[in-house]
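The primary structure of each chain is shown beneath.
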Amino acid sequence: MKFTIRNAVAADMPKVLELVNELALFEKEPDAVEVTVTDLINNGFGSNPLFHCFVGEHENEIVGMALIYPRYSTWKGPVIHLEDLIVTQKMRGSGLGTALLNEVVKYGNTLGVKRICWEVLDWNDPAIHFYESKGANVMRDWDVVQLDESGIKKYLDNI
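So, here's what we can say about the structure.

Cut-off values and rules
Residues numbered from 1 in each chain as written. Predicted model: local features only at pLDDT ≥ 70, side-chain atom pairs only at ≥ 80, totals over all residues. Heavy atoms only, no water. Salt bridge = Lys/Arg side-chain N within 4 Å of Asp/Glu carboxyl O. Helix = DSSP H or I, 4+ residues; strand = E, 2+ residues; numbered from the N terminus. Buried < 20%, exposed > 50% of the residue type's maximum accessible area, 1.4 Å probe, protein only. Pairing = 2+ DSSP bridges. Axes fitted to C-alpha atoms, helices over the stretch in contact; angles between N-to-C directions. Contact = heavy atoms within 4.5 Å.

## Side note on the pattern of salt bridges
- Under the defined criterion, the tally for this structure stands at eight salt bridges.
- Put simply, Lys15 and Glu61 hold a salt bridge, and the shortest N to O gap is 3.8 Å. With a gap of 46 residues between them, Lys15 in helix α1 (residues 13-26) and Glu61 in strand β3 (residues 61-73) connect regions that are remote in the sequence.
- Using a relative accessible area of 22% as the deciding quantity, one classes Lys15 as partly exposed.
- For Glu61, a relative accessible area of 32% puts it in the partly exposed group.
- The partner of Arg92 in a salt bridge is Glu22, and the shortest N-O contact between them spans 3.9 Å. Here Arg92, found in the loop between β4 (77-87) and α3 (96-111), pairs with Glu22, found in helix α1; they are 70 residues apart in sequence, far enough to count as distant.
- Relative accessible area serves as the criterion here: at 41%, Arg92 is assigned to the partly exposed category.
- On the basis of relative accessibility, which here comes to 25%, the residue Glu22 falls in the partly exposed class.
- Through salt bridges with shared partners, a single ionic network connects Lys15, Glu18, Glu61 and Lys90.

Right under this line is the structure:
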């Protein structure tokens, strides 16, 4: 199966949001996506972009994406975070996920980052196997910690 990987442009964001919503449904969080196409365009393609995105195309249709952003590790220095690597269901097993991950790793290498990090749900065995087969270290002894908008407000109300 033939596909191409390229840097996303603002006009791709409606399809990117469709992929994000497909992932949310797969991850059993269909109502969790709050970001809009306008948010993605403003946050990714303004004068100070907050993320970089690659898209994968098959027969002129976007069928996958990888969205990354810079972070800084106090132990390692510059790193990038892979927020999402999404391949639409009909393209899973085609090699598109590998091609997108390859592009992310090459990009990180050109930036000179010390690490590329991301999360995977503990029940997503196909993704875990995929990442481990690529040499990634799935760190099962770490827990993800977050403060959502409500948690931020509650926190601030208590200080």
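## Re the pairing of β3
- When strand β2 (residues 52-58) meets β3, the two strands line up antiparallel, connected through seven bridges. Paired with His52 across the bridge in β3 is Ile68.
- Taking the residues that link successive antiparallel strands as the turn, the β2-β3 hairpin has two residues, and the phi of Glu59 there is positive, at about 50°.
- Pairing between β3 and β4: ten bridges, direction antiparallel.

## Quick notes on the environment of Asp157
- Structurally, Asp157 is set in helix α5 (residues 149-157).
- Counting along the chain gives 123 residues from Asp157 to Glu34, while the straight-line C-alpha distance between them is 24 Å.

## Here's the deal with the sheet that holds strand β1 (residues 4-7)
- In spatial order, the strands read β1-β2-β3-β4-β5; together these five strands make up an open sheet with mixed pairing. The open sheet has two edge strands, β1 and β5 (115-117), and neither has a second partner. Looking at each pair of strands side by side, their axes are set apart by 25° on average, direction ignored.
- Inspection of the sheet shows β4 paired to β5 by three bridges, in the parallel sense. Among the inter-strand pairings, Ile80 is bridged to a residue of β5, identified as Ile116.
- The strands touched by α1 are β2, β3 and β4; relative to β3, the strand with the most contacts, the crossing angle is about 80°.

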